[in-house]
Amino acid sequence: MLNIILFGPPGSGKGTQAQNMVDKYGILHISTGDLFRYEMGNNTPLGLKAKEYMSKGELVPDEITIGMLENKVNANPDVQGIIFDGFPRTIPQADALDKFLESKNTEVTLLLALDVPDEELVKRLLKRGESSGRADDRDENIIKNRISVYKSETS
Ligand code: AMP
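Residues numbered from 1 in each chain as written. Predicted model: local features only at pLDDT ≥ 70, side-chain atom pairs only at ≥ 80, totals over all residues. Heavy atoms only, no water.

**With respect to the layout of surface pockets**
- By volume, the largest pocket is sized at about 750 Å³.
- As for the largest pocket, its lining consists of 38 residues, of which Lys-14, Gly-33, Arg-89, Arg-134 and Arg-146 are closest to the centre.
- For the lining of the largest pocket, the secondary-structure elements that each account for two or more residues are strand E1 (2-7), helix H1 (14-25), strand E2 (28-31), helix H2 (32-41), helix H6 (118-132) and helix H7 (140-154).
- Broken down by element, the lining of the largest pocket gets its largest block of residues, five residues, from H2.
- When grouped by side-chain class, the residues that make up the lining of the largest pocket number twelve nonpolar, 15 polar and eleven charged. (1 Å grid on protein atoms, 1.4 Å probe; cavity = no way out; pocket = protein on both sides within 12 Å on 5 of 7 lines; lining within 4 Å. Points joined across faces, edges and corners; volume = space filled by probe spheres on them. Helix = DSSP H or I, 4+ residues; strand = E, 2+ residues; numbered from the N terminus. Nonpolar A, V, L, I, M, F, W, Y, C, P; charged D, E, K, R; others polar.)

**Side note on helix H5 (residues 91-103)**
- Over its 13 residues, H5 runs 18 Å from end to end, which matches the ideal 18 Å to within 8%, given 1.5 Å per residue.
- Within H5, the full set of buried residues consists of Gln-93, Ala-96, Leu-97, Phe-100 and Leu-101. Projection of H5 onto a plane perpendicular to its axis shows the buried side chains occupying an angular sector of 125°, all on one side. Opposite the buried face of H5, at more than 90 degrees from it, the exposed residues are Ile-91, Lys-99 and Glu-102.
- Tucked into the core, H5 has its buried residues touching E1, helix H4 (62-74) and strand E3 (81-85).
- Trailing H5 by a residue or two, Asn-105 shows a phi angle of about 55°, which is positive. (Expected span 1.5 Å × (residues − 1). Buried < 20%, exposed > 50% of the residue type's maximum accessible area, 1.4 Å probe, protein only. Arc of directions from axis to C-beta. Contact = heavy atoms within 4.5 Å.)

**Some details on the sheet that holds E3**
- An order of E2-E3-E1-E4 is seen for the four strands of this open sheet, with the pairing classed as parallel. In this open sheet, the two strands that pair with only one neighbour each are E2 and strand E4 (110-113). Within the sheet, the average angular offset between the axes of one strand and its neighbour, ignoring direction, is 20°.
- Looking at chain direction, E2 and E3 are connected through four bridges and run parallel. Within E3, the position partnered with Ile-30 by the bridge is Phe-84.
- Here H2 sits on the sheet in contact with E2 and E3, set at roughly 70° to E2. (Pairing = 2+ DSSP bridges. Axes fitted to C-alpha atoms, helices over the stretch in contact; angles between N-to-C directions.)

**Regarding unusual backbone geometry**
- Following Phe-87, the chain continues to Pro-88 via a peptide bond in cis, the omega torsion being 0°.
- By the secondary structure assignment, Pro-88 is in the loop between E3 and H5.
- Not every positive phi belongs to a glycine, and Asn-43 is a case in point at roughly 50°.
- For Asn-43, a relative accessible area of 53% puts it in the exposed group.
- Despite not being glycine, Asn-105 shows a phi value in the positive range, around 55°.
- Among the structural elements, Asn-105 can be located in the loop between H5 and E4.

Given below as structure tokens:
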């Protein structure tokens, strides 16, 4: 399997690059942010729980996030590879991913880190917020919190 982790702060272009790779390699794209937004849009218990954290720019707890990710991978057993976009974001998530992939006799092939200056991230996210419909892209304080959570918990 070709398993790629796309790593980088919010607004660095992970989703855009993931789409380019899906087009090129035909592998499954899993964005934990998109999965949470889908659950939120359907008002599921998971979505309502995730909203408490996402609306503040905080990370959703590991247990919930890891369980959701594993379910998504298990639901797609025949794929040639996976692009992980926005996962892992903490050390326990990274450990869980290693163990999970090992249990499937595979591993992380490559990690690509996108590096973009903070001011550019804020500019891009505010611009995206004009059309994305994402509340967490419209408020500069929430955007700055997401960047600071990336630095303290993810990078
Ligand atoms: P994103 O779409 O990747 O910018 O993620 C949007 C929000 O979803 C984040 O600010 C977090 O609240 C939540 N989220 C996405 N991925 C994760 C993750 N791996 N761990 C915890 N929270 C996450």
